[in-house]
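Survey of secondary and tertiary structure
Here's the letter readout for the chains.
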Amino acid sequence: MNEIKHIKLPLSDEDAQALRAGDIVRLSGSILVGRDAAHKRMAEAIREGGEPPFPIENEIIYYAGPAPTPPGAVIGPVGPTTSGRMDPYTPLILSRGLRGMIGKGKRTPEVLAAIREHKAVYFGATGGTAVLLADSVKHAERVAYEDLGPEAVLLLTVVEMPLVVLADCHGGDLYVSGPEEARKSFL
């Protein structure tokens, strides 16, 4: 079994370069949350010569749209959104210094190339664990695009958020190596 890597954010260059596809991590610190509509606006701002209304350099963005917050909770269930929906915007946003993404599902070859080029990391959160993932959130606040409602950009403070590295800056891709390793183990 892999050793769990406890990482304090922001993710440094050294941290990013030390991670490999398949590593199990626990992230603690601040992360952004945003989905399709927010990514479209971020990309539009960059293409028009501006910047998003919040810093993205060295940040990690979680592709999620939290459910309504129950009374007494910090946030509602917050499960991952399919990452491919952000792929049209991801290379551009990575070029502006985004350090990592959290989601689920395969990425396009263009996104995987941008992850390598910009020394970024793609973390995976397990779908269906939205309530468990919400337990790692200790603070949540809206930071941009409030008119998008549940797709507004949030800033979360997380403690020991359980994730796995799906793609690393060395070209590792768990969607390729994982099935290969499983075949070796079972055949």
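Parameters at a glance
Residues numbered from 1 in each chain as written. Predicted model: local features only at pLDDT ≥ 70, side-chain atom pairs only at ≥ 80, totals over all residues. Heavy atoms only, no water. Helix = DSSP H or I, 4+ residues; strand = E, 2+ residues; numbered from the N terminus. Rg over C-alpha atoms; globule rule 2.2 N^0.38 Å. Buried < 20%, exposed > 50% of the residue type's maximum accessible area, 1.4 Å probe, protein only. Contact = heavy atoms within 4.5 Å. Areas by Shrake-Rupley, 256 points an atom, 1.4 Å probe, with all protein chains shown as cover. Lys, Arg positive; Asp, Glu negative; His and termini not counted. Charge placed at Lys NZ, Arg CZ, Asp CG, Glu CD. Core = buried A, V, L, I, M, F, W, Y, C linked by side-chain atoms within 4.5 Å. Salt bridge = Lys/Arg side-chain N within 4 Å of Asp/Glu carboxyl O. UniProt positions renumbered as here; feature names shortened; annotations may be inferred. Pairing = 2+ DSSP bridges. Right-handed = clockwise from strand over helix to strand, strands pointing away. Phe/Tyr/Trp six-rings, centres within 6.5 Å; stacked < 30°, edge-to-face > 60°.

**Some points on the overall build of the protein**
- When you go through the protein residue by residue, the secondary structure sums to six helices and seven strands.
- Taking 187 residues into account, the globule formula puts the C-alpha radius of gyration at 16 Å, and the protein, at 16 Å, falls close to it.
- Out of the 187 residues belonging to the protein, those deemed buried represent 44%.
- Within the protein, residue pairs in contact and separated by at least 24 positions form 62% of the contacts whose partners lie at least 6 positions apart.
- Per element, the accessible surface of the protein, about 9,000 Å² overall, is 54% carbon and sulfur.
- If you average the places of the 20 positive and of the 24 negative side-chain charges in the protein, the two averages end up 4 Å apart.

**A short note on the nonpolar core**
- Ranked by size, the top nonpolar core spans 27 residues in total, and within it L11, L27, I31, Y62, I102, F123 and M161 carry the most contacts.
- Secondary structure elements with two or more residues in this core: β2 (24-33), β3 (60-62), β5 (121-124), α5 (130-135) and β7 (153-167).
- It is β7 that contributes the most residues to this core, six residues altogether.
- With residues near it in sequence (within four places) discarded, F123 still touches L11, L19, V25, L27, I60, M101, I102, G103, L163, V164, V165 and L166.

**Focus: the pattern of salt bridges**
- A full pass over the atoms with the stated rule returns seven salt bridges.
- As a salt-bridge pair, R99 and D13 come within 2.7 Å of each other at their nearest N and O atoms. Here R99 is found in the loop between α3 (90-95) and β4 (100-103), whereas its partner D13 is found in helix α1 (residues 13-18), with 86 residues between them in sequence.
- When the shortest N-O distance is used, the salt bridge between R35 and E151 registers 3.1 Å. With R35 in the loop between β2 and α2 (36-47) and E151 in the loop between β6 (137-144) and β7, this pair connects stretches of sequence that are 116 residues apart.
- Residue classification places E151 among the buried positions, given a relative accessible area of 18%.

**Details of the UniProt feature "domain: Fe-S hydro-lyase tartrate dehydratase beta-type catalytic" (unreviewed entry) in the protein**
- Residues annotated by UniProt as "domain: Fe-S hydro-lyase tartrate dehydratase beta-type catalytic" (unreviewed entry) correspond here to residues 6-176.
- Structurally, residues 6-176 comprises 25% helix and 27% strand, and the distance from its first C-alpha atom to its last is 25 Å.

**Overview of the pairing of β2**
- The element β2 is extensively covered by neighbouring structure, given that seven of its ten residues are classed as buried.
- Relative to β2, strand β1 (residues 4-8) is paired through five bridges, and the arrangement is parallel. Directly across from K5, in β2, lies its bridge partner V25.
- Taken together, β1, α1 and β2 form a β-α-β motif whose crossover is right-handed.
- Note: β2 against β7, nine bridges, orientation antiparallel. Residue pairing in the sheet places I31 in a bridge with L156 of β7.

**A few points about the packing of aromatic side chains**
- In the structure shown here, the tally under the stated rule is one aromatic pair.
- With a centroid separation of 6.2 Å and an interplanar angle of 75°, the aromatic rings of F54 and Y145 are classed as edge-to-face. Note that F54 is positioned in the loop between α2 and β3 and Y145 in the loop between β6 and β7, a separation of 91 residues in sequence. You'll find F54 and Y145 in the same group, each marked buried.

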